[in-house]
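Structural characterization, general
Below are the chains, spelled out letter by letter.
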Amino acid sequence: MSKQKMLQFVSVAKEMPEKREAEARAHDFNEIYAEYADTKAAEQAARCSQCGVPYCQAHCPLHNNIPDWLRLTAEGRLQEAYEMSQYTNTFPEICGRICPQDRLCEGNCVIEQSGHGTVTIGSVEKYITDTAWDEGWVQPIKPAEERPESVGIIGAGPGGLAAADRLRRAGIQVTVYDRHDRAGGLLTYGIPGFKLEKDVVMRRVAQLEEGGVEFVLNCNVGSDISFDAIRGKHDAVLIATGVYKARDLNGPGAGAAGIVAALDYLTASNRVSFGDDVPEYDSGELNANGKRVVVIGGGDTAMDCVRTAIRQGAESVKLLYRRDRANMPGSQREVQNAEEEGVEFVWLSAPQGFAGDPVEAVMVQKMRLGPPDATGRQTPEVIEGADYAEPADLVIKALGFEPEDLPTLWGEEALEVTRWGTIKAEFGTHATALPGVYAVGDIVRGASLVVWAIRDGREAADSILTYLAQPASVAAE
């Protein structure tokens, strides 16, 4: 991009807040920004060294052909780059936005390892897929032939949607059952819109609907419909429910008003962005505006909460984590972004109770890291006499999620689970102990990444296609 064009880009960007109504100027801004994005994507893609051992690809759960589509992007062959990324990834525009690239592909880029800064793989992936949608390169789902077999998928999150896409393209009749009123699972209601725009998710859901996937929403398996009924209706069933049972806090005052679960808080915020009527948000129960907010936890959900609170106009936002920065499970990039936005991280701190009802303060116990445990991770130890009160008007619990007791909820004791409550499924095939029943994503892995759920969904779909091709007598064994 020329210097003159860049100056024009900056000038238009500065004037936009005062002149949003000027359509001509908005058009100029979009045109200039598009040229800037073209240039930056090509520049970043051209930085790829095309190394003989593509560590970026090896550390991607989907094993995306990253060096190849970076090369195509650098050469300006964007449609081919998109088609290559779509070949291995059902939702590249989603992964480009929310994958923790710093822990996966970008973190293992040889240029990053040599100290020259990683190729921004996620941004390029997002760019080429957004361009594909804009240019009409994204192909609708049109099976070569329709097949009579049907598959029921329980859960409309990334794993279930990835499997639905793959099965439907093979001509299978697919029905997706989900407890929510919109498909997408945590993509829709768990991840904030500033990280994953909701129209991006709804666009993929619409593509599946237009391609013949049936969605049965507001449907709780076990109450609205039985698991047996779903099995009886379909030739195969895929369980992709995710894990929604929040880990809770104990200690004095833990039940006080103003102490809320992370998913409730994020769901309310996302519903508001859809234009829904959310009484708990309007009343302030799930709204951080003007409040002193304390988030407890150290994973990606905690990061989503603190950054959402900042955007809602919180007076202050602090995050308590019982380990130090180096041992935090959440993305370091997210931590940096949150700090830049005004979040204060209080390391080596854990709640031991709460004061007031509604809550007025978190009673904080300072910690230190002791010897490593069996996993090699240092164990937090309490520092006696180092406790204090942290003022708070809203406390958000972001301690992670556990699986619901599906065998009991669904009345299917033969559905085997692990000692952690996750469903037992074969590695690679994702088959459970029940004939024709498969399971993928967090309900098998425990709380994990979207990209792993997509991989599981694609693999399970292939296993189901193999299962459906077997003679009935063999499949029943």
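Refer to the structure presented above.
Residues numbered from 1 in each chain as written. Predicted model: local features only at pLDDT ≥ 70, side-chain atom pairs only at ≥ 80, totals over all residues. Heavy atoms only, no water.

Considering the sheet that holds strand β10 (residues 349-355)
What counts, and what does not: Criterion used throughout: strands pair if DSSP finds at least two bridges between them. Per the convention used, a helix needs a DSSP run of H or I reaching at least four residues, while a strand needs a run of E reaching at least two, with both numbered from the N terminus. Interaxial angle, 0 to 180 degrees, is taken between N-to-C directions of lines fitted to C-alpha atoms, where a helix line uses only the stretch in contact.
Within the open sheet, the three strands sit side by side as β10-β11-β12. Their pairing is antiparallel. Each end of this open sheet is capped by a strand with a single partner; those strands are β10 and β12 (378-391). Across the sheet, the mean angle separating the axes of adjacent strands is 20 degrees when strand polarity is ignored. Examined bridge by bridge, β10 and strand β11 (residues 361-372) share six bridges and lie antiparallel to one another. Across the sheet, residue Ala-350 finds its bridge partner in β11, namely Gln-365.

A closer look at the sheet that holds strand β6 (residues 259-261)
This is how the line gets drawn: Note on contacts: a residue pair qualifies if any of its non-hydrogen atoms lie within 4.5 Å across the two residues.
Strand order across the open sheet formed by five strands is β6-β13-β7-β8-β9, with parallel pairing between neighbours. Looking at strand neighbours, the two that pair on one side only are β6 and β9 (344-346), the edges of this open sheet. Going across the sheet, the axis of each strand differs from the next one's by a mean of 25 degrees, ignoring polarity. Pairing of β6 with strand β13 (residues 394-397) involves three bridges; the strand directions are parallel. Bridge pairing links Ala-261 to Lys-397 in β13. On top of the sheet, helix α15 (residues 300-311) reaches β7 (292-296), β8 (316-320), β9 and β13; it is set at about 170 degrees to β8, its chief contact.

Some thoughts on the packing of aromatic side chains
Filter applied, for reference: Classification of ring pairs uses Phe, Tyr and Trp, with its six-membered ring standing for Trp, and accepts pairs whose centres are within 6.5 Å; under 30 degrees between planes counts as stacked, over 60 as edge-to-face, and the remaining range as tilted. Only protein chains enter the accessibility calculation, which uses a 1.4 Å probe; a residue whose area is less than 20% of its type maximum is buried, one above 50% is exposed, and one in between is partly exposed. For a Lys NZ or an Arg CZ to count as sitting over a ring, it must be within 6 Å of the ring centre and within 35 degrees of the ring normal.
Evaluation of the coordinates by the stated rule reveals four aromatic pairs. Each ring, one from Tyr-189 and one from Phe-274, has its centre 6.1 Å from the other, and the planes form 70 degrees; the classification is edge-to-face. Taken together, the residues Tyr-189 in helix α10 (residues 186-189) and Phe-274 in helix α13 (residues 262-274) connect sequence positions 85 residues apart. Judged by relative accessible area, which is 2%, Tyr-189 ranks as buried. Of the residues examined, Phe-274 reaches a relative accessible area of 23% and is grouped as partly exposed. In this arrangement the basic side chain of Arg-179 is found over the ring face of Tyr-244, its NZ or CZ atom lying 4.9 Å from the centre.

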